[in-house]
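The chain contents come next:
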Amino acid sequence: MKQIKLGLSAWRMGYHIAAWRHPSVQPDGSMDLSHFKTVAQAAERYRFDLIFMPDELAIRGEDNPEGARSRGSHVAELEPITLLSALAALTQHVGLVSTGSTTYAEPYNIARQFLSLDHLSNGRAGWNVVTSWGKEDALNFGHLATPDYNSRYERASEFVDVVRGLWNSWDADAFLRDKDSGLFFDPQKMHVLDHKGDHFNVRGPLHMARSPQGEPVIFFAGDSEAGRDVAARAADVVFTAKQTLEDAQAFYASVKGRLAANGRTEDELLIMPGLMPIVGRTRAEAEAKYEALQNLIDPLIGLSSLYDRLGDLSGYDLDGPVPEPKDPAFRSRAEVIYKLAQKEGYTIRQLYMALASGRGHRVVIGTAEDVADAMQEWQEGRAADGFNIIPTHLPEALDDFGTLVIPELQRRGLVRTEYAGTSLRDNLGLPKRGL
């Protein structure tokens, strides 16, 4: 039986919008190595394939409604490569994956950072390729505006090619380090990239030995046609956010269907949708955990999550009906959300509470059997090869999943009981890569 791959998104104190207010959560955890040590070692204890550290390059959004910004926990977090380098010394098996932007970085630096992490962790590093789109990101890097969509993806595609070229600067056996002969490396096994492209001119070689796993694992999260093309050509793992089985199956078929044209097989690319499990020993207990978190959402934070789409609703009764949007910043999204509120009969409070929990990812609330059933259905239905587990709050929600769901998945033979190898590629069942 094909096993489900498991990633853990170890972002800040958890993904729920009110995670930092939960009684079990360390409120300054996003700045504390000991918090992440606890999370990473728990993920390894539960035999996760990897932990994933998202990243943001700016404090995004305006203070709308006024006072909302000071109530959010998104303004203080550690730089992820530095953090994962520290965690490399505190773990032995779990993969270490971070986001790295192709918009406001250079390929040589990204290649160095992730290959360094790969060596420090003995072959457990992965790079999640993203393009940065926020105006706040642009301003932090001295740009007055973000690059247009096509330019961002064209740059990203070439960026990945350059990074992979640099990772292949040396053959695996290039470094002889022969004290008797005095020969440190075989010059025939060094490769100068000398890349000249539309966006980059990079000579190389990278002054670092080849990865223990051939190349660090490349992750991608683009859902557009351009993003799917880049993923099918260059990625090893794709993260995605899908709410329904049908949408997930369509995405799975779309990306996997592009592999053959790139000389690749289906087994060379894994698709891992995000999943937020809220688990109890009974369904009632799971629902109670969910409601407890929902009740911690500050009204100003809830209203700020609706601001760009529905405007300033702070003057309305939170327990009254959702007003029709007037000149919203994002018209299509506003229409979708307003129709949802109309269909479900949501009040303003009910609407922001409904949208806040999963941040666009699928939420499953129930027993271990309920969550395992949901995961198994998607895996067997060719909608997922695994899941990026997105805990509501850390570390408690991770422990709920690890102590309740993992044993159920193991009982079904759907996840490992021991690690398969020493590298991230080994544990994901991916072949070594090299140019």
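See the structure shown above.
Residues numbered from 1 in each chain as written. Predicted model: local features only at pLDDT ≥ 70, side-chain atom pairs only at ≥ 80, totals over all residues. Heavy atoms only, no water.

The next point concerns the overall build of the protein. A count of helices and strands for the protein gives 14 helices and 13 strands. Based on the C-alpha atoms only, the size of the protein along its principal axes is roughly 80 × 55 × 40 Å. Of all 435 residues assigned to the protein, the portion counted as buried reaches 53%. Within the protein, counting contacts between residues at least 6 apart in sequence, those at least 24 apart form 77% of the total. Accessible area for the protein stands at about 19,300 Å²; split by element, carbon and sulfur atoms hold 49% of it. Placing the 47 positive and 60 negative side-chain charges of the protein at their respective mean positions leaves the two points 2 Å apart. (Helix = DSSP H or I, 4+ residues; strand = E, 2+ residues; numbered from the N terminus. Buried < 20%, exposed > 50% of the residue type's maximum accessible area, 1.4 Å probe, protein only. Contact = heavy atoms within 4.5 Å. Areas by Shrake-Rupley, 256 points an atom, 1.4 Å probe, with all protein chains shown as cover. Lys, Arg positive; Asp, Glu negative; His and termini not counted. Charge placed at Lys NZ, Arg CZ, Asp CG, Glu CD.)

For helix 9 (residues 299-310), the full list of buried residues reads Ile301, Gly302, Leu303, Leu306 and Leu310. You can read the cap of helix 9 off the contacts: a side-chain oxygen lies 2.8 Å from the backbone nitrogen of leucine 300, and it is on aspartate 298. After helix 9 finishes, the residue glycine 311 shows a positive phi value of roughly 85°. (Polar contact = N/O pair within 3.5 Å; in protein donor to acceptor, adjacent residues only side chain to side chain.)

For any two aromatic rings, the description comes down to two numbers: the centre-to-centre distance and the angle of the planes. Under the definition given, this model contains 15 aromatic pairs. Taken together, a centroid distance of 6.2 Å and an interplanar angle of 85° make the contact between tryptophan 127 and tryptophan 167 edge-to-face. One end of the pair, tryptophan 127, is in strand 4 (residues 125-130); the other, tryptophan 167, is in helix 5 (residues 149-167), and 40 residues separate them in sequence. We classify tryptophan 127 as buried; its relative accessible area is 0%. Considering the side-chain rings of phenylalanine 159 and phenylalanine 200, the 5.5 Å spacing of their centres and the 85° angle between planes classify their relative orientation as edge-to-face. Taken together, the residues span a long stretch of sequence, with phenylalanine 159 in helix 5 and phenylalanine 200 in the loop between strand 7 (195-196) and strand 8 (201-202) at a distance of 41 residues. Taking the relative accessible area as the measure of exposure, phenylalanine 200 reaches 3% and is therefore buried. An aromatic cluster of three or more residues is present, and its members are Phe114, Trp127, Phe159, Trp167 and Phe200. Over the ring of tyrosine 46 we find arginine 45, and its NZ or CZ is 5.2 Å from the ring centre. (Phe/Tyr/Trp six-rings, centres within 6.5 Å; stacked < 30°, edge-to-face > 60°. Lys NZ or Arg CZ within 6 Å of the ring centre and 35° of its normal.)

Inspection of the secondary structure assignment puts valine 230 in helix 6 (residues 225-234). Residue class for valine 230 comes out buried when judged on its relative accessible area of 7%. Taking the C-alpha atoms as reference, valine 230 lies 8.3 Å from phenylalanine 220; in sequence the two are 10 residues apart. Non-local contacts of valine 230, meaning those with residues more than four positions away in its chain, are made with Ser157, Phe220 and Ala235.

What follows covers the side chain of arginine 362. Along the chain, arginine 362 turns up in strand 12 (residues 362-366). Buried within the structure, arginine 362 lacks any salt-bridge partner; its nearest side chain of opposite charge belongs to glutamate 377, at an N-O separation of 4.7 Å. Ignoring any residue separated from it by four or fewer positions in sequence, one finds arginine 362 in contact with Lys242, Gln243, Gly274, Leu275, Met276, Ala374 and Trp378. (Salt bridge = Lys/Arg side-chain N within 4 Å of Asp/Glu carboxyl O.)

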